[in-house]
Amino acid sequence: LKMSWFWLYLPLHLLTVTCLCHSIRAPTTSSQQSFKTDLFNLYHSLILADGKETTIHLLKDIPKRYYFVLEEGRVLAPFSITVTPCDVPIEWSILVYKPPPAKATAGDHDTQEVSKSQKASSMVSTIFNYKGNSVETYMGVSSHSALYLLEFLSTERDTHITVYLTTDTTSGHLYPELPTDPRIDVVGIGHTTVTLTWKHSPSVLQHRESIQYCLLVNEKHNYKSLCAAETAIRSSGMKLPPTLALSLSPYLLEPQQVMILSNSELSIINKVSSGEVRQVCMGTKNTYTVANLSPNTQYYFDVFIVNLLTNASAAYTGTFARTLEEPEPKVTELKDGKVIHVVLDGKKQKFYNLQYQARHKKIHFTFQLCQGQIRVHITRNGKTVASENLSGLRYFSLKGKVLDTYLVQLRSTEESNSSVKVQASPHFHKPLFPLLPETLKIKSFSKLRTCRSVTIAWLGTQEESKYCVYRKRIEEDQVWRELQSADRCSGPESRHKSEKVLCKYFYDLNLQRAVTTETIKGLEAGTPYLFDVYLFGQSGIPVRYHSKVVKTRKKC
């Protein structure tokens, strides 16, 4: 724009128009009143920058106006205007003001008056108007000097939009180009995955380093622009970081956000009231598989092509897909008194289902955690009666009705495999495990340690039982691995005969005195040892105390 020309042109133009309006006889026509209104609007307008995207904030029911003037002296002056609503639908229009002729033509007085009135009304015309929330672009060519007025109005609520005006249509585009077919194709649907593909943008082929695709996934609806999507997420009560597509530099996330960076892809997962909203930027790849979705859930997918240099983006036509329904889980029947050993895959994080139909009112569930960490969830006729993380040996005594259906769900809470033994039986059934002490921990006495021996202690019960002690020499760097990998369900049969120290019987009717100690001799100085105690009851199934590592003194 030639601003010096504009400021000279505008007062003269407005003066000419004003004089022309005052020269018209009363009563004025509706077209003259409309022209005067347009003239007033022009006085209260802001100039619109050329070649730059402008963010405009709109208050409800209050119009906002911007103007621009085409460069003088050009035979054909092309221009384009792109308006992007960032929330609700808006109304916008373009009006053009043409300068009046320098001299009036000769004729009688009445003919001149009519001619002036017609010219006054013809100087202002609306060349475009639109109402909606889609991204719209108007392209025009002017063959003369003219002043243009843009008017924007939101009738629903306060909002904001972006407007891009350019009079240079030959030196590239601010917005990346969309392909002739801008649709997103769904090429694969699974229980927790959806695979998408889309045609490459011409901009990617020309400016690969500064262009990338970004994908938005949500459970609500599609968005027609990137700024509309960000506005919707903000309105849910969250604070968004800078547009994900524009910068891959680290920034602080809100507690509801999770950032995942893998294989040159940056993902943001936002936890909002309407479900998960994911933003993923994948460079210039035009095929992507969205993973970790919920089964039988409808998701909406939007792809945006983003220019990293100009911060501008264009939206593909969004699509949606419903993930497949999760197949019915396999259910294993539990039978009275029968022990089932269950091994759970920690990587799949799936539930293992056991079902038991009660033949008595009182039911007794027994769980012995062998390895890893497991969460158990028990329902009776569809209602939860117990749910917790297992630790060691755990009993659940439940009371219901005959023929009640119990569903036991087990899931590993670690990525490594976990295992557990499970038994269900009537309450009066012979117990699977021996009577247990208050704790299965083994205690060692630091003051009683020597270079060749250690002293350990453990609790007993009021029932006479057999206790066997085992020891194993280990390296210092193996301590953590030995403790983590120990199978707490395995008995002495899994141990080498040389590791056995002794077996003994004891009990005490007074639980306060049901404690026994043992000094293990013949050890090496400065060496760590793994000690285990096995408890045998009437059923013959052993219970392993928690392993204890004790290191002998190096010097005595």
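Named according to an unreviewed UniProt entry, the protein is Protein NDNF originating from Nicator chloris. You can read under Subcellular location (unreviewed entry) in the UniProt record for the protein the words "Secreted".

Another point: the sheet that holds strand S23 (residues 362–371). Pairing is antiparallel in the open sheet, where four strands are placed in the order S21-S28-S23-S26. What marks the edges here is a single partner per strand, and that holds for strand S21 (339–344) and strand S26 (393–399). Ignoring strand direction, the axes of neighbouring strands in this sheet form an average angle of 20°. Looking at chain direction, S23 and S26 are connected through seven bridges and run antiparallel. Following the sheet pairing, Phe367 is matched in S26 by Arg394.

Following the criterion strictly, the structure yields 15 salt bridges and no others. Note that Lys131 and Glu91 form a salt bridge whose closest N and O atoms lie 3.7 Å from each other. Pair noted here: Lys131 is in strand S6 (residues 124–132) and Glu91 is in strand S5 (residues 90–97), with a separation of 40 residues, a long-range link. With relative accessibility at 60%, the residue Lys131 sits in the exposed group. Residue Asp532 pairs with Arg544 through a salt bridge whose shortest N-O separation is 3.0 Å. Within this pair, whereas Asp532 is found in strand S34 (residues 528–536), its partner Arg544 is found in strand S35 (residues 542–544), the two being separated by twelve residues in sequence. Arg544 matches Asp532 in its accessibility class, with the two residues each being buried. One salt-bridge network, in which partners are shared between bridges, spans Arg495, Glu499, Asp532 and Arg544.

Turning our eyes to something else, we now look at the packing of aromatic side chains. Per the stated rule, a full pass over the model turns up 18 aromatic pairs. When the ring of Tyr164 is compared with that of Tyr175, the centres are 5.6 Å apart and the planes differ by 80°; the resulting orientation is edge-to-face. With a gap of eleven residues between them, Tyr164 in strand S9 (residues 159–166) and Tyr175 in the loop between S9 and strand S10 (184–189) connect regions that are remote in the sequence. Neither Tyr164 nor Tyr175 differs from the other in exposure class; each is buried. Centroid distance Tyr356 to Phe365: 6.1 Å. Interplanar angle 80°. Geometry classified as edge-to-face. Assigned by exposure class, Tyr356 and Phe365 land together as buried. Here a set of aromatic residues connected by ring pairs shows up, and it is made of Phe68, Phe79, Trp92, Phe128, Tyr138, Tyr148 and Phe152. Here Arg394 stacks its cationic end above the ring of Phe396, 4.3 Å away from the centre of that ring.

Strand order in the open sheet made by the five strands is S1-S3-S8-S5-S6, with mixed pairing throughout. The strands lining the two open edges of the sheet, one partner per strand, are strand S1 (46–47) and S6. Strand direction decides the pairing type here: S1 and strand S3 (residues 64–69), joined by two bridges, are parallel. Following the sheet pairing, Leu46 is matched in S3 by Tyr66.

Okay, unusual backbone geometry next. Non-glycine residue Asp61 carries a positive phi angle of around 65°. Taking the relative accessible area as the measure of exposure, Asp61 reaches 47% and is therefore partly exposed. Even without being glycine, Asn381 reaches a positive phi, approximately 55°. Mapping Asn381 onto the fold places it in the loop between strand S24 (374–380) and strand S25 (383–389).

Cut-offs used in this document
Residue positions are given per chain, counted from 1 along the sequence in the order it is written. Residue-level local features of this predicted model are given only where pLDDT is at least 70; pairs of side-chain atoms are given and counted only at 80 or more, and the full residue set underlies all totals for whole chains, interfaces and linings. Calculation of side-chain values draws on the structure's entire complement of heavy atoms; hydrogens and water are dropped beforehand. UniProt positions are given in the numbering used here, feature names are shortened, and annotations may be inferred rather than shown by experiment. Pairs of strands are assigned from DSSP output, requiring at least two bridges between the strands. Here a helix means four or more residues in a row that DSSP labels H or I, a strand means two or more in a row labelled E, and each is numbered from the N terminus. Where helices are involved, their axes are fitted lines through C-alpha atoms of the stretch in contact, as for all axes, and angles between N-to-C directions lie from 0 to 180°. One side-chain nitrogen of Lys or Arg within 4 Å of one carboxyl oxygen of Asp or Glu is enough to make a salt bridge. Only protein chains enter the accessibility calculation, which uses a 1.4 Å probe. A residue is then buried if its area is under 20% of the maximum for its type, exposed if over 50%, and partly exposed in between. Pairing of aromatic rings covers Phe, Tyr and Trp, the last through its six-membered ring, and needs centres within 6.5 Å; plane angles under 30 degrees mean stacked, over 60 mean edge-to-face, and all others mean tilted. Our definition puts a charge over a ring when NZ of Lys or CZ of Arg is within 6 Å of the ring centre and also within 35 degrees of the ring normal.

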